[in-house]
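Chain residues, written in single-letter form:
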Amino acid sequence: MQRLHASSVCWPFRACLIFAALASVLLAACSGSSSQGSEGGVQVQQLASATATIRHAPSATTAPSLTPAPPSPTPQPATPTPAPATATAEPTAEETSIPAPEPPTATAVPSSPVPPATIGVTLAPQQVAQGGATVVQVVGASAAAASADFAGRQYPLLPSEGTFWGVLGVPGNQPPGDYPVLVTLVTADGRALHQMQASLTVTAAGFPVEYIQLDPAVAALLDPAIVLEEIEHRAAIYAAFTPERLWLGPFLLPVQGPISGAYGAGRSYNGGPVTDYHHGTDISADEGTPVVAANTGRVAFVGDLSVRGRSVILDHGDGVFSAYHHLSETAVVQGQLVNKGDLVGTVGQTGLAEGPHLHWEIVVRGVEVDALLWTQAEYGPLPPG
């Protein structure tokens, strides 16, 4: 068969070949444009999605894909998992703890803190037994205010000669161990300036257990609803904060007599389980024996409580209160300023009491601590150096 030379092909046929080639080029260009448009649409859809994955556009030297990327799967809403129910123990005894006061709104700490060389935190003592207290002091802090956080409670600190200080209370049932004390310095406009941390060691106090038999009529006062009502009433009183120190020196014993119920002792009522511990100190005395203010303070409450009976509560400032319960008579009025040693009432057996005695408490920011420790030492700002 004779081979045809290109020059021998007729013009119409050559023209058809040219048109076919041009059509192929145009078709390829259209296909590429369509592919880019499809992929661009997928990118827009993905960017609109909260869970989109960023897609990089093809570079100038990369041929666009002819097959559009599959659309992102529609995110399925997560099935909410119900939170486990929190068991709430009913209050069953006189000694149920007071809830912590509401702290101020937290402020974020900036990333540029005050230089550590200008700041010092002191705890005195650094080791405290259950039911004890410690003084925290921030030395050399150029701030307008300060606070300390310990064991879920916030303690505003008082200014004193270029420092800030306060008293921290350790609950009688605080498990032994090392606990952080977080101190926050605040500017005049309320911004957090710096945060620092110290460590407080809590040791076991070795409290005993007391087994108490109550008359059925008296035991009825341990009804959970009655106990809870009193807890809430007292919590509202102890949530107040007086930004000054009214007490001076160690506290006095408010009445003379033998200690009939020690702070911290576990309590079992009428053969029941040990549900809590004794949050105060019981001092036995004859009915009508004078009861005096353990230190200077202002009357924050005077009246009757269901469990603690006729009561007087004094606010000593800096979140420290003293309370006098089971009184037969009171001798002060709400808001009155009383000095250390002034008469506040007389011994009785009102409320949940099996005989005449004074139930005496010292409460620090809602935490009942061992009152006898306050008769042995003074809690206040630390001396310079």
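Use the structure listed above.
Residues numbered from 1 in each chain as written. Predicted model: local features only at pLDDT ≥ 70, side-chain atom pairs only at ≥ 80, totals over all residues. Heavy atoms only, no water.

Thoughts on the sheet that holds strand 12 (residues 266-269)
The strand order across the open sheet formed by three strands is 10-12-13, and the pairing between neighbours is mixed. Sheet topology places strand 10 (209-212) and strand 13 (274-277) at the edges, where each strand pairs with a single neighbour. With direction set aside, neighbouring strand axes in the sheet form an average angle of 30°. Relative to strand 13, strand 12 runs antiparallel, the two being bridged by three bridges. Pairing of glycine 266 across the sheet is with tyrosine 277, part of strand 13. (Pairing = 2+ DSSP bridges. Helix = DSSP H or I, 4+ residues; strand = E, 2+ residues; numbered from the N terminus. Axes fitted to C-alpha atoms, helices over the stretch in contact; angles between N-to-C directions.)

So, the pairing of strand 14 (residues 281-284)
In this sheet, strand 14 lies alongside strand 11 (residues 259-261) in antiparallel orientation, the contact comprising two bridges. Paired with isoleucine 259 across the bridge in strand 14 is isoleucine 283. Sheet topology places strand 14 next to strand 21 (residues 357-364); four bridges connect them, and they run antiparallel. Its bridge partner being in strand 21, isoleucine 283 is matched across the sheet by leucine 358.

Re the nonpolar core
Counting residues in each nonpolar core, the largest one holds 54 residues, and the members touching the most others are Val167, Val181, Tyr324 and Trp374. Residue contributions to this core peak at five residues, all from strand 9 (residues 192-203). (Core = buried A, V, L, I, M, F, W, Y, C linked by side-chain atoms within 4.5 Å. Buried < 20%, exposed > 50% of the residue type's maximum accessible area, 1.4 Å probe, protein only.)

Digging into the environment of aspartate 342
Residue position: aspartate 342 is located in the loop between strand 19 (337-338) and strand 20 (343-347). For the pair aspartate 342 and valine 332, spaced ten residues apart in sequence, the C-alpha separation works out to 9.5 Å. Discounting chain neighbours no more than four positions away, the residues touching aspartate 342 are Val291, Val292 and Ala293. Within polar-contact distance, the side chain of aspartate 342 engages the backbone nitrogen of asparagine 339 at 2.8 Å. (Contact = heavy atoms within 4.5 Å. Polar contact = N/O pair within 3.5 Å; in protein donor to acceptor, adjacent residues only side chain to side chain.)

A few points about the packing of aromatic side chains
The description of two aromatic rings rests on the distance between their centres and on the angle between their planes. Applying the stated criterion across every chain, the model contains eight aromatic pairs. Pairing phenylalanine 150 with tyrosine 179 gives two aromatic rings, centres 6.3 Å apart and planes at 90°, and the pair type is edge-to-face. Here phenylalanine 150, found in strand 4 (residues 145-150), pairs with tyrosine 179, found in strand 8 (residues 177-186); they are 29 residues apart in sequence, far enough to count as distant. In this structure, phenylalanine 150 and tyrosine 179 share a single accessibility class: buried. An aromatic cluster of at least three residues, connected via ring pairs, comprises Trp165, Trp247, Phe251, Trp374 and Tyr379. (Phe/Tyr/Trp six-rings, centres within 6.5 Å; stacked < 30°, edge-to-face > 60°.)

As for the side chain of aspartate 282
Position of aspartate 282 relative to the elements: it lies in strand 14. Residue classification places aspartate 282 among the buried positions, given a relative accessible area of 9%. A polar contact is formed between the side chain of aspartate 282 and the side chain of histidine 278, at a distance of 3.4 Å. Only 2.9 Å separates the side chain of aspartate 282 from the side chain of histidine 359, close enough to count as a polar contact.

Points about a nonpolar patch on the surface
On the surface, Val209, Tyr211 and Val274 cluster together into a nonpolar patch covering about 320 Å² of accessible area. Structurally, valine 209 is set in strand 10. (Patch = residues over 30% accessible without salt bridge, like charges linked within 9 Å, V, L, I, M, F, W, Y side chains within 5 Å. Areas by Shrake-Rupley, 256 points an atom, 1.4 Å probe, with all protein chains shown as cover. Salt bridge = Lys/Arg side-chain N within 4 Å of Asp/Glu carboxyl O.)

Things to note about helix 3 (residues 224-238)
With 15 residues, helix 3 extends 21 Å from end C-alpha to end C-alpha; this agrees with the ideal 21 Å at 1.5 Å per step. Buried residues of helix 3: Val227, Glu230, Ile231, Arg234, Ala235, Ile237 and Tyr238, and no others. Projected down its long axis, helix 3 shows its buried positions confined to an angular sector of 155°, all on one face. More than 90 degrees from the buried face of helix 3, the exposed residues found are Ala225, Glu229, Glu232 and Ala236. (Expected span 1.5 Å × (residues − 1). Arc of directions from axis to C-beta.)

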